[in-house]
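Examining the three-dimensional arrangement
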Amino acid sequence: MNFKTIEVKDKKLILLDQTVLPGKTVYNSYEDFRDVITAIKRLEVRGAPAIGIAAAYALALAVEIRADYDLNGLKKIMVDVAREIKDARPTAVNLAWAIDRCLAKSYQYEGESVDEYRTIFWNEADAIHAEDIEMCDAMGRFGAELIPDGSTVLTHCNAGALATGGIGTALAVFYKAAEMGKNIKVFADETRPLLQGARLTCWELMQAGIDVTLLTDNMAGYAMAQGKIDAVITGADRITQNGDVANKIGTYAVAVLAEKHNIPFYVAAPESTFDKELETGDDIIIEEREPDEVTNGFGIPTAPAGVKVFSPAFDITPHNLVTAYITDSGIRPGGRTK
Ligand code: MRU
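Residues numbered from 1 in each chain as written. Predicted model: local features only at pLDDT ≥ 70, side-chain atom pairs only at ≥ 80, totals over all residues. Heavy atoms only, no water.

What follows deals with the environment of Leu 43. By secondary structure assignment, the location of Leu 43 is in the loop between α1 (33-41) and α2 (48-65). Contacts of Leu 43, omitting those with residues within four sequence positions, involve Gln 18, Thr 19, Arg 89, Leu 194, Gln 196 and Arg 289. (Helix = DSSP H or I, 4+ residues; strand = E, 2+ residues; numbered from the N terminus. Contact = heavy atoms within 4.5 Å.)

Glancing now at the packing of α1 against helix α3 (residues 71-86). Viewed as axis vectors pointing N to C, α1 and α3 meet at an angle of 20 degrees, and their least axial separation amounts to 10 Å. Between α1 and α3, the angle falls in the class roughly parallel. Two packed elements cross with a definite hand, and for α1 against α3 that hand is right-handed. Contacts from Phe 33, Arg 34 and Ile 37 of α1 reach α3 at Val 81, Glu 84 and Ile 85. Its residues placed into classes, the contact of α1 with α3 shows four nonpolar, no polar and two charged. (Axes fitted to C-alpha atoms, helices over the stretch in contact; angles between N-to-C directions. Parallel < 35°, antiparallel > 145°, perpendicular 65-115°, else oblique. Left-handed = near helix turned anticlockwise from the far one by under 90°. Nonpolar A, V, L, I, M, F, W, Y, C, P; charged D, E, K, R; others polar.)

Checked against the element boundaries, Glu 190 lands in the loop between β5 (185-189) and α7 (196-207). Buried and unpaired, Glu 190 has no salt bridge, with Arg 192 as the nearest side chain of opposite charge at 5.5 Å. In this structure Glu 190 touches Leu 195, Gln 196, Gly 197, Ala 198, Leu 214, Leu 215, Thr 216 and Asp 217, once residues within four positions along its chain are discounted. (Buried < 20%, exposed > 50% of the residue type's maximum accessible area, 1.4 Å probe, protein only. Lys, Arg positive; Asp, Glu negative; His and termini not counted. Salt bridge = Lys/Arg side-chain N within 4 Å of Asp/Glu carboxyl O.)

Attention shifts here to the domain arrangement of the chain. Considered domain by domain, the chain is made up of domain 1 (6-136) and domain 2 (141-333). A straight line from the C-alpha centre of domain 1 to that of domain 2 covers 26 Å. Facing 27 residues of domain 1, the contacting portion of domain 2 comprises 33 residues. Taken together, both faces of the contact between domain 1 and domain 2 bury some 2500 Å²; the carbon and sulfur share is 57%. Looking at the side of domain 1 facing domain 2, the largest losses of area belong to Arg 46, Thr 91 and Cys 136, adding up to 26% of the total buried there. Remark: the boundary between domain 1 and domain 2 carries one salt bridge. A salt bridge links Arg 89 to Glu 287; the nearest nitrogen and oxygen atoms lie 2.9 Å apart. Between the two partners, domain 1 and domain 2, sit 15 residue pairs in polar contact (both at pLDDT 80 or more). Breaking the side of domain 1 that touches domain 2 down by element, the ones donating at least two residues are α2, α4 (93-107) and α5 (114-146). (Domains from an automatic or database assignment. Buried area = accessible area lost by both parts, 1.4 Å probe. Polar contact = N/O pair within 3.5 Å; in protein donor to acceptor, adjacent residues only side chain to side chain.)

Let us look at the pattern of salt bridges. Scanning the entire structure with this criterion turns up 16 salt bridges. Here the residues in one salt-bridge network are Arg 89, Glu 287, Arg 289 and Glu 293, joined through shared partners.

What follows is about the pairing of strand β7 (residues 231-234). On β7, burial covers both faces: Ala 231 and Ile 233 on one face and Val 232 and Thr 234 on the other are all buried. In this structure, strand β4 (residues 152-155) lies alongside β7, joined through two bridges in parallel fashion. Residue pairing for β7: Leu 154 is matched across the bridge by Val 232. Where β7 and strand β10 (residues 265-268) come together, three bridges link them in parallel fashion. (Pairing = 2+ DSSP bridges.)

Once that is clear, we can look at the packing of α3 against α5. Axis separation between α3 and α5 bottoms out at 9 Å; the angle between their running directions is 25 degrees. In terms of orientation, α3 and α5 fall into the roughly parallel class. α5 is crossed by α3, and the crossing has right-handed handedness. Here α3 contributes Leu 71, Leu 74, Lys 75 and Met 78 to the contact with α5, which in turn contributes Val 114, Tyr 117, Arg 118 and Phe 121. Here the residues of the contact of α3 with α5 sort into six nonpolar, no polar and two charged.

Once that is clear, we can look at the side chain of Asn 247. On the secondary structure map, Asn 247 appears in strand β9 (residues 245-248). In this structure Asn 247 comes out as buried when scored by relative accessible area, which is 5%. Only 3.3 Å separates the side chain of Asn 247 from the backbone oxygen of Gly 235, close enough to count as a polar contact. Setting aside residues no more than four positions away along its own chain, Asn 247 makes contact with Thr 234, Gly 235, Ala 236, Asp 237, Phe 314 and Asp 315.

In space, the three strands of this open sheet follow the order β1-β2-β3, with antiparallel pairing throughout. If you trace the sheet from one side to the other, it starts and ends with β1 (6-9) and β3 (27-30), each paired once. Sheet twist, expressed as the mean angle between neighbouring strand axes with direction ignored, is 25 degrees.

What follows is about the packing of aromatic side chains. Tallied over the full model, the rule gives five aromatic pairs. Pairing Tyr 57 with Trp 122 gives two aromatic rings, centres 6.2 Å apart and planes at 45 degrees, and the pair type is tilted. Residue Tyr 57 is located in helix α2, and its partner Trp 122 is located in helix α5; the two are separated by 65 residues in the primary sequence. On the basis of relative accessibility, which here comes to 8%, the residue Trp 122 falls in the buried class. Look at Tyr 117 and Phe 121: their rings are 5.3 Å apart centre to centre, the planes differ by 80 degrees, and that puts the pair in the edge-to-face class. Of this pair, Tyr 117 and Phe 121 both sit in helix α5, four residues apart, which is roughly one turn of the helix. Each member of the pair, Tyr 117 as well as Phe 121, carries the same accessibility label: buried. Three or more aromatic residues joined by ring pairs make a cluster, and in this case those are Tyr 109, Tyr 117 and Phe 121. Above the plane of the ring of Phe 314 lies Lys 248, whose end atom (NZ or CZ) is 4.4 Å from the centre. Of note, Arg 332 hangs over the ring of Phe 274, and the distance from its end group to the ring centre comes to 4.4 Å. (Phe/Tyr/Trp six-rings, centres within 6.5 Å; stacked < 30°, edge-to-face > 60°. Lys NZ or Arg CZ within 6 Å of the ring centre and 35° of its normal.)

Encoded structure:
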């Protein structure tokens, strides 16, 4: 990749601003955790694994900002800071997972050094980042074995290098398949309303030299009916105990279409996206976004001012529409039987 989604330099968090891609490549530098929360909310950094990593670094920034605090003072405020960061976006489990993991590590500290305490947060954020890179590679390798040479695969939203610390989840499969010498073509859903498919997936696949064709979300059914699609691979924001999948709005419709056309529907996700607590998709909180993302997206009015809008950012694909899960520890069967 010739870009870095998330990077740390001199205890500053550097994020590639995904709100202005593909027109501009802008890197913003953060020292204050509250600014990182804002960056997560406005989707400057987005995608479940990437927001988990950014959240972990936000916690590390927070522990630095209070130079005047003693150890006990710091320990107390970190609990509140953690809660504040967790509230940034509710649906992707990776965010809460990363924060809980960093906090749990800090609770194990029995020493008395403020510096050592601070280092725990940086080290844990670095570990989460490094592990994500490994998990992306592993998902890519397992997934690439599943996809026959010459296939055309549909994907929705962006589950690539821009959404993770590594080479992505769904898109990792395409990168690894290309490395293996397979000729895979990708169809990328535009992904209304914020166009992560058009702006981000097409941008990163084209830079990597992967054959990608853009279509709007409402064209996927026709493309399938025309026999243009051999498989679907999406990412996930949260997978519950029964295998239900929260992912970008529109994923459910694609899964229904895939079943109707007898096309396998795969979900690629690392262990950090599997929720250890929630039983079913009904338990997942679905983020709702501001109406103007639909009516005035990218500054162009596309609906009458004041119209009522329903804008969930994610939907739930029931486990019985999933053919298999591509995880970093291998392929797990889904609940779809045909
Ligand atoms: O609102 P976004 O852009 O954060 O939504 C992202 C998705 O839905 C991705 O498919 C998901 O997070 C998986 S990213 C590897």
